[in-house]
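Fold and contact review
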Amino acid sequence: MRAIFDQIYKDIRHAIERGDYPYQSFLPSEAVLVKRYECSHNTLRRALGMLAEEGFVQPIHGKGVLVLYRPRKRALFEIGGIETFTETARRNRLHTTTKVMRYESLVCDAEFSLESGFAEGVDLLYVERVRFLDGKPVILDKNHFLASAVSGLTREIASHSIYEYLERDLCMSIITSKRTITVERADADDERLLDIADVDYLAVVTSQTFNGEGTMFEYTQSRHHPDYFCFNDTAMRRR
């Protein structure tokens, strides 16, 4: 069931992003979409619900499903979802490369346990990467992974997409990411690796990410070049 509604969600999302369903237009009726995808009404509604949660559409009672998505002029990293760097670049039709600067095993000490949420004494894998968009260094990622959760991860895999490896090869379900966004003073590594010698501050996104078993397998600090930092979120009022 998950594969069915997830594929429908992706197909409709891609069609919206291509412009098949323009901003402020309505999607085909539920009856038409159910017939097109040969699925149940409940399966279709779950797919549409995912699109609504991400701000792509909004159901309007008595009218249908309204398209809210508008193409953006610059690359945005979606704070509301869990989207990889590679997926963001692909969505924005940008070329991406990753350079691994450090790749080493660590043991979580008491101080880092308080900062990260990992248990003291567990084995960690630290991966530091510079992410490039169209040849420009835009993000310095400092990833700490629970070693037991990322078995087989290599430096070569880290130079591409770690999440793709975890989901495809290890069959991991990546479910929840808790994030904090701050503005911090740039340090020497930021200036050197992100080419921001004339900038004093940058945006930092700190995240704790959990898999389908409820295990926190990643603690990451992503340090963003300010010229390319523009996060987008979709807020929904709850009553």
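Residues numbered from 1 in each chain as written. Predicted model: local features only at pLDDT ≥ 70, side-chain atom pairs only at ≥ 80, totals over all residues. Heavy atoms only, no water.

When pLDDT is averaged along the protein, the result is 88, and 87% of the positions lie at 70 or above. At the level of individual helices and strands, the protein shows its lowest average pLDDT in strand E3 (residues 77–78), which scores 55, and its highest in helix H5 (residues 110–116), which scores 97. (pLDDT = per-residue confidence, 0-100. Helix = DSSP H or I, 4+ residues; strand = E, 2+ residues; numbered from the N terminus.)

A word on the packing of aromatic side chains. Where two aromatic rings form a pair, the distance of their centres and the angle of their planes describe that pair. A complete count under the given rule lists three aromatic pairs for this structure. Between Phe 56 and Tyr 69 the ring centres are 5.2 Å apart and the planes differ by 5°, which places this aromatic pair in the stacked class. Highlighted residues: Phe 56 in the loop between helix H3 (41–53) and strand E1 (57–60) and Tyr 69 in the loop between strand E2 (64–67) and E3, separated in sequence by 13 residues. Taking the relative accessible area as the measure of exposure, Tyr 69 reaches 12% and is therefore buried. (Phe/Tyr/Trp six-rings, centres within 6.5 Å; stacked < 30°, edge-to-face > 60°. Buried < 20%, exposed > 50% of the residue type's maximum accessible area, 1.4 Å probe, protein only.)

Take the environment of Asp 11 next. Tracing the sequence through the fold places Asp 11 in helix H1 (residues 2–18). When the C-alpha atoms of Asp 11 and Tyr 37 are compared, they prove to be 10.0 Å apart, with 26 residues separating the residues in sequence. Within the local environment of Asp 11, its side chain forms a polar contact with the side chain of Tyr 37, the two groups lying 2.4 Å apart. (Polar contact = N/O pair within 3.5 Å; in protein donor to acceptor, adjacent residues only side chain to side chain.)

Helix-helix packing: each pair is described by the crossing angle between the helix axes and the interaxial distance. In the contact formed by helix H2 (residues 30–37) and H3, the axes pass within 10 Å of each other and the chain directions differ by 105°. Classified by the angle their axes make, H2 and H3 are roughly perpendicular. For the pair H2 and H3, contact is made by Glu 30, Leu 33 and Val 34 and by His 41, Leu 44 and Arg 45, respectively. For the contact of H2 with H3, the class distribution of residues is three nonpolar, one polar and two charged. (Axes fitted to C-alpha atoms, helices over the stretch in contact; angles between N-to-C directions. Parallel < 35°, antiparallel > 145°, perpendicular 65-115°, else oblique. Contact = heavy atoms within 4.5 Å. Nonpolar A, V, L, I, M, F, W, Y, C, P; charged D, E, K, R; others polar.)

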